[in-house]
Amino acid sequence: MNRRGLDMETLEAIHTRRSIRKYTDRPVPRELVTELLRAAMSAPSAVNAQPWIFIVVDDRKLLDEVPTFSPYAGMCRDAPLAILVCGDTTLEKAPGYWVQDCSAATQNLLLAAHDAGLGAVWTGIYPRGDRVEGFRKAFGLPEHVIPLAFVPVGYPDQKPGPQERFDKAKIYHNRYGQRRE
């Protein structure tokens, strides 16, 4: 319990999770990957449609190829695996909400990795057309499956400290521009 009487496990995970871009060569056990995916699939989704598709990538050739069409995913060359998070538009019950649904699943995945002692980083794909097409081609995605995020995962080889990101200047009360005294 913290000073406010709240259980801090979830809040601690949220406040201490950081993007990890350097990994050891230690493999991630398959059972642990399954737990990450279970957490991702526990995310909320519009009308409970769960329009997500996950591709676990541990083929070294594919991991090494990704940075050729996704320039900010260079760290996957050192990661033992990555998870491609996609939205399947044929599963949507609320058209257009697949982005929010898959984003929530990606955040759950990141938090679960952190909780498990793993490092991970969200590399964005959608809505960048060039990246979408690169992933579509490399992973054989049909038109109705849209890649949202590529998440390299592994045991961290770096330990960045937590950052305080709270910014009171970004908070308004009741209306834009109105501050609480």
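Above this text is the structure in question.
Because the structure is predicted, anything quoted here is derived from the model rather than measured. (Residues numbered from 1 in each chain as written. Predicted model: local features only at pLDDT ≥ 70, side-chain atom pairs only at ≥ 80, totals over all residues. Heavy atoms only, no water.)

1. Focus on the pattern of salt bridges
Here is the rule: Salt bridges, as used here, are contacts in which a Lys or Arg side-chain nitrogen is within 4 Å of a carboxyl oxygen on Asp or Glu. Only runs of H or I of at least four residues qualify as helices and only runs of E of at least two qualify as strands under DSSP, and these elements are numbered from the N terminus. We call a residue buried when its accessible area falls under 20% of the maximum for its residue type, exposed when it is over 50%, and partly exposed in between, using a 1.4 Å probe and counting protein chains only.
The full count for this structure, using the stated rule, is five salt bridges. Notably, a salt bridge pairs Asp-130 with Arg-128, separated by 3.8 Å at the nearest N-O pair. A salt bridge links Arg-136 to Glu-133, with the nearest nitrogen and oxygen atoms 3.5 Å apart. One end of the pair is Arg-136 and the other is Glu-133, both in helix α5 (residues 129–139) and three residues apart, which spans about a single turn. Look at Arg-136 and you get buried, because its relative accessible area is 9%. Through salt bridges with shared partners, one network takes in Glu-133, Arg-136 and Glu-143.

2. As for unusual backbone geometry
Of note, the amide linkage connecting Tyr-126 to Pro-127 takes the cis form, showing an omega dihedral of 15°. Note on placement: Pro-127 falls in the loop between β4 (123–124) and α5. In the Ramachandran plot, Gln-50 falls in the positive-phi region, its phi being about 50° despite a non-glycine side chain. Within the element layout of this structure, Gln-50 appears in the loop between α2 (30–40) and β1 (52–57). Of the residues examined, Gln-50 reaches a relative accessible area of 35% and is grouped as partly exposed. Here the phi dihedral of Asn-174 falls at roughly 70°; this positive angle occurs in a residue that is not glycine.

3. Brief notes about the packing of aromatic side chains
Quick note on the threshold: Between 30 and 60 degrees the pair is tilted, below 30 it is stacked and above 60 it is edge-to-face, where a pair is any two Phe, Tyr or Trp rings, Trp via its six-membered ring, whose centres lie within 6.5 Å. Geometrically, a charge over a ring is one whose NZ (Lys) or CZ (Arg) sits within 6 Å of the ring centre while staying within 35 degrees of the ring normal.
Across all of its chains, the model carries six aromatic pairs by this definition. Ring geometry for Phe-135 versus Phe-150: centroids 5.2 Å apart, planes at 50°, classification tilted. Taken together, the residues span a long stretch of sequence, with Phe-135 in helix α5 and Phe-150 in strand β5 (residues 145–154) at a distance of 15 residues. Assigned by exposure class, Phe-135 and Phe-150 land together as buried. Every member of this aromatic cluster is reached through a ring pair, and the members are Phe-69, Phe-135, Phe-139 and Phe-150. Just above the ring of Tyr-155 sits the side chain of Arg-26; from NZ or CZ to the centre is 3.7 Å.

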